[in-house]
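Given next are the chains, with one letter for each unit.
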Amino acid sequence: MENVEPLAASLHHPEPPDARRLEAATATFRMLADPTRLHLLWLLAQKPSDVGTLVEQTGASRTSVSQHLAKLRFSGLVTTQKHSRHVIYSLTDGHLTRVVMEGLNHADHKVTGEPSHD
C-alpha cells in the first residue's frame, strides 16, 4: 500500500464566499463584537487559561467571565480540557488567533495614529 501524506491545512481559500461561509464568518464576528469576549480571546491567543486566571487578567467578575466563555464555547470558538480540578480554555484554531490579533493590531493603529501597512 502506498504512503499517503495528510493534506496540510491551507491558508489560501480561493473560492468566493457563499451564503454559508458569509453566515459562519458573521457569527464569528458577532462573538468578537463584545469587549469582554474580545479581551478573553486575546488572552487565550497568548496561552490557554482557566477561569480564575482570566478573571484576574480581565478584572471582570467570575460570573461574567464564565458566561462569556460559555457563549464562546457554544459558538465553537474555544475548547476546554480538564486538568485535575481546573478547566483550561483555549482557542480552537490558528485562523481565530490571527483574526483576533489582526483586529487588535488594526485597533492599535487607529488609537495610536500609526500609519497602516500591508
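Coordinates for the structure precede this section.
Predicted model, so just to flag it, every value in this text is computed and none were measured.

Criteria and thresholds
Residues numbered from 1 in each chain as written. Predicted model: local features only at pLDDT ≥ 70, side-chain atom pairs only at ≥ 80, totals over all residues. Heavy atoms only, no water. Core = buried A, V, L, I, M, F, W, Y, C linked by side-chain atoms within 4.5 Å. Buried < 20%, exposed > 50% of the residue type's maximum accessible area, 1.4 Å probe, protein only. Helix = DSSP H or I, 4+ residues; strand = E, 2+ residues; numbered from the N terminus. Contact = heavy atoms within 4.5 Å. Pairing = 2+ DSSP bridges. Salt bridge = Lys/Arg side-chain N within 4 Å of Asp/Glu carboxyl O. Axes fitted to C-alpha atoms, helices over the stretch in contact; angles between N-to-C directions. Parallel < 35°, antiparallel > 145°, perpendicular 65-115°, else oblique. Nonpolar A, V, L, I, M, F, W, Y, C, P; charged D, E, K, R; others polar.

Student: Talk me through the nonpolar core; I want residue IDs and the actual numbers.
Tutor: Ranked by internal contacts, the top residues of the largest apolar core, which has 19 residues, are Leu41, Leu44, Leu54, Val65, Leu69, Leu72 and Val78. Contributions of two or more residues to this core are made by helix H1 (19–32), helix H2 (35–46), helix H3 (51–58), helix H4 (62–74), strand E3 (86–91) and helix H5 (94–112). The greatest single-element share of this core, amounting to 4 residues, is contributed by H2. Leave out the neighbours within four places in its chain, and Leu44 touches Ser49, Leu54, Leu69, Val78, Tyr89, Ser90 and Leu91.

Student: Let's hear about the sheet that holds strand E2 (residues 78–83): which residues, and what values?
Tutor: A sheet is described by the order of its strands in space; here 3 strands give the open sequence E1-E3-E2, paired in antiparallel fashion. Every interior strand has two partners, whereas the edge strands, strand E1 (49–50) and E2, have only one. In this sheet, E3 lies alongside E1 in antiparallel orientation, the contact comprising 2 bridges. Opposite Asp50, over in E3, you have Ile88 as the bridge partner.

Student: I'd like to hear about the pairing of E2, residue by residue, with values.
Tutor: Sheet analysis places E2 next to E3, joined by 6 bridges and oriented antiparallel. Note that in E3 the partner of Thr79 across the bridge is Ser90. Taking the residues that link successive antiparallel strands as the turn, the E2-E3 hairpin has 2 residues, and the phi of Ser84 there is positive, at about 55 degrees.

Student: So what about the pattern of salt bridges? Which residues, and what values?
Tutor: Throughout the structure, instances matching the rule amount to 2 salt bridges. Across the salt bridge formed by Asp18 and Arg21, the nearest N and O atoms sit 2.7 Å from each other. Take Arg21: its relative accessible area is 48%, and that puts it in the partly exposed class.

Student: Explain the packing of H2 against H4 to me, and be specific about the residues and the numbers.
Tutor: Contact geometry for H2 and H4: axes closest at 10 Å, N-to-C directions at 75 degrees. Considering their axes alone, H2 and H4 lie roughly perpendicular with respect to each other. Residues Thr36, Arg37, Leu40, Leu41 and Leu44 of H2 touch H4, and the partners they reach there are Ser64, Val65, His68, Leu69, Lys71 and Leu72. Its residues assigned to classes, the contact of H2 with H4 comprises 6 nonpolar, 3 polar and 2 charged.

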